Structure formats: C-alpha cells, structure tokens
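This is what each chain is made of:
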Amino acid sequence: MNYRIPFLCFLSIVPYFVKAQASTQLNAAEIRQGLEGLNVTGSVLYIAAHPDDENTRLLTYLSRERKVRTGYLSLTRGDGGQNLIGTEQGDLLGLIRTQELLAARRTDGAEQFFSRANDFGFSKTSEESFKIWGKEQILSDVVWVIRNFQPDVIITRFPEDARAGHGHHQASAILAREAFAAAADPKRFPEQLKQVKVWQAKRIVWNTFNFGGGGNTTADDQLKLDVGTFNPLLGKSYGEIAALSRSNHKSQGFGSSLQRGSSIEFFSPVAGDAAKTDLFEGLDFKLDRNKGTAKAQQLLNAIYTSYDVTDPSKSIPALLDLKEEVKNLPFKHQQLDELILACAGIWLETVAPEPAYALDESIPVLISAISRVGKNFPMKITLQDRSRGKVTELLPNQMATQTVTIPAKSIGITQPYWLKKTHPIGSYMIDSLSHLGMPEAPAPQAGVFRISFGKQFIDITRPIVYKRTDPVKGELYQPLVVAPPVTATMTEKSFVFSNNTAKKITVQLKAFKDQLKAVIRPELPAGWKVSPEKADVDLKTKGDVQNLEFVVTPAGNVSGGKLSISATVEGKTYNQGLKVLAYDHIPVQTLFPIAEAKVERADLKFSGMNIGYIAGAGDLIPESLTQIGYHVTWLTEKQVIDGDLSGYDAIITGVRLYNINEQLSGMQPRLMEYVKNGGTMLVQYNVNGSLKTNNIGPYPFRLSRDRVTDEQAKVSFLAPNDPSLNFPNKITAKDFDGWIQERGLYFADQIDSHYVPILGMNDAGEPSSNGSLLVAPYGKGKFVYTSLAFFRELPAGVPGAYRLFVNLISKN
C-alpha cells in the first residue's frame, strides 16, 4: 500500500466562517488530539448522492476517534430538493446546501467532495438517473476523486436496489462499486493518469441502516462498530458532535438532538477483502511501518509524552526536530506544520477594507500577524511576505501589520466555479480537472507567507476577507468579492405576458466603482418591442443603485424566448446580474448570473384579482401572481384568526404550511369558515409526516409519498367538464408542455367522495394516480388541494401552469 499525504482535519467545533474566512486557533486539547493523529496514516471515503445523505456519526468517529483521513463524496449539491428557510430553488439551493455541507464537515472533521452531477429532482430508478446524468461521465468523476483521495476503505450509504428509496441513492452505490474497480484499472479514464495514479482500495462496504417503518437493512451477522464513544479531550461524544454537524443542514430542516451513549453501526461487504472484526482489518496505519521512520516514531512518542497542555509552545523545538527528520519521508506534513503554528499561537489574516471591488480596481490588503509564545521563548519567530520580500519579527504577543496592494484583475470575477457556464439538466459544465471534485474554488489570496522558527520555516496562505463588527453579532467575516464594474439585475427569472399586453420590466443597476458611465441595452425575441431601446446611466459613487424601467410589448409570431441585458462600460460589454445569499449559518454567497430572463406570452383570462397568501416554508407564488396583475396580501396568523377574510377572492397557502406552522389549530377553523361563506381556498403541497393537523380540508384525505417525477408524463382529464379545466381558461393537453423537474409530489389518496379528482397521471410502468388535484364545493365556496409543483412551474414561467393556477383560484 502506498502512503499518502493527507490534508489536515480541523479538530475544533467552530462557527461556519472560521476555516473559510479567518485564521483559526486550536486549543491545547485539540493540539493534543492532533499529535495523536500524526501517528495514523489511513483514509476512508464515504459515498452517497446528496447533502444530508451522509452518516455524520460515523464520519465523526472515523475522523476524530480513529484519526484517519475521512472524506464524503456527495454526487450532487442537492439542487433539486425543497427549501425550508427561503425561496431559493435549483442552482441557488445547491449553493446553500454546498455551504451547509462544508459547515458540517468543519464540525465532524471530514473533507467534502462533489461530482459534476446535478440534482435534477426525485428519481425512481438508477436507470433514469444515469440517463440524465450520463453514467460514464459521473463514473469518471468518482474515479477521479478516488485516485486523488486514495482511500484504503470505501463506504456507501445505500444499496443498489429499491431499498435505497431514490434513484440517485441507488446510482451512488452502483457508481461506488464500479469506481472501486475502475480506479485501479489504467485502461479506465487514462486521461486522468497525467495528474494522478491508479488506486486500489482494500475494500468497499455498505453502511446498512435502520430508518424505521420497515426500512431495517441491518443484521446480526454483519460487521459491527460502536461509534458512540465519548472523547474527554473534546468534551463530547461522537453522537453529540454528529448531531451538531447534521444540524447544519438547515435548509432541509434537519436540526438534530444530541445523542449520547453506545451507538452501533453495521456494515455489509460489497467488494474487495471482506472484514470480520474491523473496517480496517488487514491494514497497518502505524507510522513506523514505513521504512526509515523509526527515529521519527521515537521523536513523536517523546513529544506526545512530554506535551504540556498549559504551555504547548514547549513542544515546538521537538516538533521542529521532527519536521527536519521527516522532510524527505512520507508523512502528514501539512498537519505537522499546522500543529507547530498552533503551539506557537500564530494568528494571521489578510483583510480588505471593503467587501467588493471592480475588476479594474486595486485592493489594499491589511496583513496582521501575531505569535502568542511566552517572553522567554528560546528562538526568534519571523514573518516574510514571499512575493514582496519584507521580513518582520513576530515579538511575543505583539501584533505586526503591513499593507499590500493586489490588482483585482489578477483574481478575476469571483463566482462558484460550477456556475460559470449555463448547464444542461443533468450535470454542470466543468472544463478543468483541477476544480473537479472540489466543493468550491480556492479563495483569493494575498500571497504566500513564510513563518520562520530559527532556521526552520513553514509557508502558509490565508484568504483575503472582508471583516466588520456588527453591534449585535460582533465580529463577522465574509468572502471577498471581485465584480464586473456594473451589474444589471431583473426582478424575476421569468416574465409571463397576458396576450399582447405590455409590461414594465425593472432592471436594477449597481455600480462597483466610482464615476461609472454605462449604456444599457435590452435584447428581446424577434418581433418583440421595447421602450426605450437603450439607456445611458451615470452612477457617481461605488455602491450606487439605480432602477431602470423598460416597457416590453409582445409582438410578431414568436411566443417567447429570452430577455437579455447588456451594459457597455468604457468600450467593454458586460452581461452579469447580481445575486446575494445572506443567511446566518453560512458565509455570504455572492454570484453574478447571466443577466437574462425568460419571457412568455400566454392567453390568460382572469376572474377575481384580490388574493390573500399565507406563507409556508417558502415559495415564489405571490411574486409570480403579482407580475400578471393580481393584488396579493401577505396574511399573518393574527389576521387569519381575528381579521375579516371576506374581501379576498381567494386565499392560498404556501408550500408545507401544514408541516411547519404551529398556529394552524387556530387558523384552520377560520379558513374553513371563509370557504363555507363563499371563498376560494387553495392549499399547496405538504409532506405526509409531521403534519400540524390531519384535517387539511373540509373532508378527509390522506397524503401519500406518491409522485410523478417525469415532467413530461401524460396528463389525463378525469373531470373534463369541471370549471377547473374550463373557466376562465380552457385547459388542454398543451398546457402541460414545458413543465420542469416534475409534475407533482406527495399526492393525496384515501380521498373522500366529496372531492372531485381533476387529473390523472403516472410515471412509466406505474398505475395512474388521481391525487394530484382535488376540488370540493364546501358551503358557498370552493376548496382546492393540489400536489402539482406550481411552486416550481410559476417562477419558471410555464404558461400552461399559470393558466391552470388562475382557474383554480377563480370564483366559478
């Protein structure tokens, strides 16, 4: 078995921003834990399909108790899931979930990897997943990660069959098994071998599970491992740390209770040498098994024995001797360097005074460094800026600073690397193998800094960050942003026009430099008209924002297409918008999507324009209805319980309202009273677990897990004469063209006879379901329950979805 040089696992349980944005300091207990880890050489790679699929308890145990290098490869970034904290979907949700995974890894000590596969939504079979992803392409990604990471053991979360519960889950297990063999075969993906070597892991196993409800795949004859150990150095058990890790998946509502006590994990062999008593059976992870490391082992043993938790700096001379001894040997060099810096209390950061800079600006960067050794420390510590040559002595507990200037163009526009290009439904477009597998691109840096201890030195880098002090939250860091000189952002991703009626489109401009002059030009589908055809803008100060209005009129024979915005500045043309994601649990994410929106002309008729909306977990239905002319009022729980609802033509509930709102016991009777008195109420989809009330409608029905994942699945009209399909818009099969991701999810079943099922649909090879859309008269009004994915279709500008939704909220 060849020896690999692992990356350092950060040992502390730290806030989200620390590793990515600021210099960190291990405490004395964590340094001791790190010293133990220098004596271990193994690695393990866990493979599954999505963020939150990983077994954080096992990852924590492997990285912190067994001290092996531990990684998690998630095939996707979770783009196709639901969002419980906001309205972001698709790529934006994937960006949030990427950062949630990185926060989880900083907690449990593992490393994070991805393939280029896109989470296109729920899939029922691995065959469908492979068809959309391109199996060979994603297999090559898994092989690439294995050849780079070089795991001794590979672990899968799911089986290859239907017990996995999701086509992506099945696919992850199949790809892991095939990649286990392919990574060792020089004939498979030989283009990778210019940068990596073939690699054969010792074994691959399936981490079986007991999810309850009949989902028990564990067995007494399987390999068992108790991962519920308590770590006195960290003051927590691995179950407690794992719960903290898993609770980072906030967009999925995965807050977890801390688990204490024994916890058994089970493993079933998949391929390679079968293990009977331990995951790492037959593998020697001790340092001294490598030739020429006997003296290094002696030094390490002495360091560990003499380590003083009250003064870790006493270990620095011996650690420097160890560094000299192993300089030409396979060893955890990066981890050793980080431990030396930690023992010296070295803190170094590079900070820009503003959060964002335009491409043609210069960035002043303040470099601050300090060493927290005692006054009697026996050697001089210096800091050298390698690119500029300046050497500064780091006196004990005295902050040293210097300022340097970095041209922003040397960094380029900061953007998630997988979102730089428009991508198809199945995968991201990634040109460079250097990025493949990485969770994110390296952060902008001010250079390489050399910390010298006498004649020994350590070279380190730090990301350039923006730092500010919030009066409530205290010191906050966020990533540095390099932007185009101006961005042009439209209010929506799609605009639906009622017939040939003109619409005002607002474009928000933001200057990222002073004295910005630009010419803004919209571009439309052939035959469509816009006024004005261009606009000159003059933004005096960096950060200035100006809204422009363009009147767009559908015309000609083209029913739709794209509206694009370009900005010409000093002879150069830019076409980026601006999107900022700001949540407390992840770093601020800033990206610059192409400044374009979908425009569609639809034959829309209306009846009743005053809508009340009760927010659920988060969707863009109110914004979608507002842009086609509805007046939408956001209703609070108090307004529903105590207010007069009679003035609303319809009331709509947001997605998963009945799963998350604790006030439903008070609201539901008032809502049913509103319907009984002549109102129209539409309830969007809810999941079948954790309902706050089982009485969603005036008559009973049950929520199932049934769904139709094929967005092109044929739709049959079960009640063709019902007003839902006829007033005010005549619905035809054409209205179900162009839907995205899925038809619907969590369909109703066990439906009371008072309801009229409107539509039938099914995925290939399955029986038709009639639970996607139910309508029932109640008193003088109308109640509608729909599992159709309107929360996706309306923001995507699907004309037929708009026409049907308008019918459902119209008074008959």
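In this text, all values refer to a predicted model and were calculated from it rather than measured experimentally. (Residues numbered from 1 in each chain as written. Predicted model: local features only at pLDDT ≥ 70, side-chain atom pairs only at ≥ 80, totals over all residues. Heavy atoms only, no water.)

**Student:** Please set out the overall build of the protein residue by residue, giving values where relevant.
**Tutor:** Of regular secondary structure, the protein possesses 17 helices and 45 strands. Against the compact-globule benchmark of 28 Å for 812 residues, the protein has a radius of gyration of 29 Å, which places it among compact chains. In terms of principal-axis extent, the alpha carbons of the protein reach across some 85 × 70 × 55 Å. Every one of the 812 residues in the protein was classed for burial, and the buried ones make up 58%. Total accessible area on the protein stands at roughly 32,800 Å², and carbon and sulfur atoms take up 50% of it. Between the mean site of the 89 positive side-chain charges and the mean site of the 84 negative ones, the protein shows a separation of 3 Å. (Helix = DSSP H or I, 4+ residues; strand = E, 2+ residues; numbered from the N terminus. Rg over C-alpha atoms; globule rule 2.2 N^0.38 Å. Buried < 20%, exposed > 50% of the residue type's maximum accessible area, 1.4 Å probe, protein only. Areas by Shrake-Rupley, 256 points an atom, 1.4 Å probe, with all protein chains shown as cover. Lys, Arg positive; Asp, Glu negative; His and termini not counted. Charge placed at Lys NZ, Arg CZ, Asp CG, Glu CD.)

**Student:** Can you tell me about unusual backbone geometry, naming the residues and giving the values?
**Tutor:** Note that the residue after Ser531, namely Pro532, is joined by a cis bond; omega there is -5°. Relative to the assigned elements, Pro532 resides in the loop between strand S25 (529-531) and strand S26 (535-539). Geometrically, the link from Phe727 to Pro728 is a cis peptide bond, its omega value of -5° lying close to zero. Phi is positive for Tyr746, close to 55°, though the residue is something other than glycine. Turning to its location among the elements, Tyr746 is positioned in the loop between strand S40 (744-745) and strand S41 (748-749).

**Student:** Which residues make up the confidence of the model for the protein, and what are the values?
**Tutor:** The predicted coordinates ought not to be read in detail in places where the model reports low pLDDT. Per-residue confidence for the protein averages 94 on the pLDDT scale, and 97% of its residues sit at or above 70. In the predicted structure, residues 1-21 sits below a pLDDT of 50 and forms 73 contacts with residues beyond four places in sequence or in another chain. (pLDDT = per-residue confidence, 0-100. Contact = heavy atoms within 4.5 Å.)

**Student:** Describe the packing of aromatic side chains, with residues and values.
**Tutor:** For the structure shown, the criterion picks out 24 aromatic pairs. Their ring planes at 80° and their centres at 5.6 Å tell us that Phe606 and Tyr630 sit as a pair that is edge-to-face. With Phe606 in the loop between strand S32 (596-602) and strand S33 (610-614) and Tyr630 in the loop between helix H12 (621-626) and strand S34 (631-634), this residue pair connects regions lying 24 residues apart in the sequence. Owing to a relative accessible area of 3%, Tyr630 belongs among the buried residues under this scheme. With a centroid separation of 5.8 Å and 85° between ring planes, the pair formed by Tyr699 and Tyr778 is classed as edge-to-face. One end of the pair, Tyr699, is in the loop between strand S36 (680-683) and strand S37 (702-703); the other, Tyr778, is in strand S44 (residues 773-778), with 79 residues separating them in the sequence. Tyr778 matches Tyr699 in its accessibility class, with the two residues each being buried. A network of ring pairs unites the aromatic residues Tyr699, Phe701, Tyr755, Tyr778, Phe783 and Tyr785 as a single cluster. Cation over ring: Arg77 sits above Trp418, and NZ or CZ is 3.5 Å from the ring centre. (Phe/Tyr/Trp six-rings, centres within 6.5 Å; stacked < 30°, edge-to-face > 60°. Lys NZ or Arg CZ within 6 Å of the ring centre and 35° of its normal.)

**Student:** I'd like a description of helix H17 (residues 799-808), backed by residues and values.
**Tutor:** Counting buried positions over the 10 residues of H17 gives 10, a clear majority of the element. Residues Pro799, Gly800, Ala801, Tyr802, Arg803, Leu804, Phe805, Val806, Asn807 and Leu808 constitute the buried set of H17.

**Student:** Go over the sheet that holds strand S35 (residues 650-653), please, and point to the residues and values.
**Tutor:** Pairing is mixed in the open sheet, where seven strands are placed in the order S34-S33-S35-S36-S45-S44-S42. A strand with exactly one partner marks an edge of an open sheet, and here the two such strands are S34 and strand S42 (756-757). (Pairing = 2+ DSSP bridges.)

**Student:** Give a detailed account of the environment of Val205, specifying residues and quantitative values.
**Tutor:** Along the polypeptide, Val205 turns up in strand S5 (residues 203-208). With relative accessibility at 6%, the residue Val205 sits in the buried group. Along the chain, Val205 and Leu279 lie 74 residues apart, while their C-alpha atoms are 8.6 Å from each other. Residues in contact with Val205, not counting those within four places in the same chain, are Ile154, Ile155, Thr156, Phe267, Ser268, Pro269, Val270 and Leu279.

**Student:** Describe in detail the packing of helix H5 (residues 126-133) against helix H7 (residues 167-182), supporting the description with residues and values.
**Tutor:** Put simply, H5 and H7 touch, their axes get as near as 7 Å, and they point 80° apart. Between H5 and H7, the interaxial angle falls into the category roughly perpendicular. Residue-level contacts link Ser126, Ser129, Phe130 and Trp133 of H5 to Gly167, His168, Gln170, Ala171, Ile174 and Leu175 of H7. (Axes fitted to C-alpha atoms, helices over the stretch in contact; angles between N-to-C directions. Parallel < 35°, antiparallel > 145°, perpendicular 65-115°, else oblique.)

**Student:** Talk me through the nonpolar core; I want residue IDs and the actual numbers.
**Tutor:** Ranked by size, the top nonpolar core spans 49 residues in total, and within it Ile316, Ile363, Ile451 and Phe453 carry the most contacts. No other element matches the six residues that helix H11 (residues 333-343) contributes to this core. Ala602, Ile611, Val708 and Met761 belong to the second largest nonpolar core, which has 39 residues in total. (Core = buried A, V, L, I, M, F, W, Y, C linked by side-chain atoms within 4.5 Å.)

**Student:** Which residues make up the packing of helix H2 (residues 28-37) against H11, and what values do they have?
**Tutor:** Remark: H2 packs on H11, axes separated minimally by 10 Å, with the N-to-C direction vectors making an angle of 155°. The orientation of H2 relative to H11 falls into the category roughly antiparallel. Between H2 and H11 the crossing geometry is left-handed. In this structure, H2 uses Ile31, Gly34, Leu35 and Gly37 to contact H11, whose residues at the interface are Gln335, Leu339, Ala342 and Cys343. Grouping the constituent residues of the contact of H2 with H11 by class yields five nonpolar, three polar and no charged. (Left-handed = near helix turned anticlockwise from the far one by under 90°. Nonpolar A, V, L, I, M, F, W, Y, C, P; charged D, E, K, R; others polar.)

**Student:** An account of the sheet that holds strand S6 (residues 223-226) is needed here, citing residue identities and associated values.
**Tutor:** In spatial order, the strands read S3-S2-S1-S4-S5-S9-S6; together these seven strands make up an open sheet with mixed pairing. Whereas interior strands pair on both sides, the edge strands pair on one side only; in this sheet they are strand S3 (111-114) and S6. When the angles between neighbouring strand axes are averaged without regard to direction, this sheet yields 30°. Strand direction decides the pairing type here: strand S1 (residues 43-48) and strand S4 (residues 153-156), joined by four bridges, are parallel. Counted as the bridge partner of Val44 is Val153 from S4. Packed onto the sheet, H7 meets S1, S4, S5 and strand S9 (264-272) and runs at close to 165° relative to S5.

**Student:** Tell me about the environment of Leu436, and please be specific about residues and values.
**Tutor:** With respect to the element layout, Leu436 can be found in the loop between strand S15 (400-407) and strand S16 (449-453). Placed 83 residues apart in sequence, Leu436 and Val519 show a C-alpha to C-alpha distance of 37 Å. Not counting the four nearest positions on each side in its chain, Leu436 is found in contact with Arg116, Asp141, Trp144 and Ile430.

**Student:** Quick rundown of the side chain of Ser115? Include the residues and the values.
**Tutor:** Counting through the fold element by element, Ser115 comes out in the loop between S3 and H5. We classify Ser115 as buried; its relative accessible area is 3%. Here Leu75 takes part through its backbone oxygen, which lies 2.6 Å from a polar atom of the side chain of Ser115. Not counting chain neighbours up to four residues away, the residues in contact with Ser115 comprise Leu73, Ser74, Leu75, Ile138 and Asp141. (Polar contact = N/O pair within 3.5 Å; in protein donor to acceptor, adjacent residues only side chain to side chain.)

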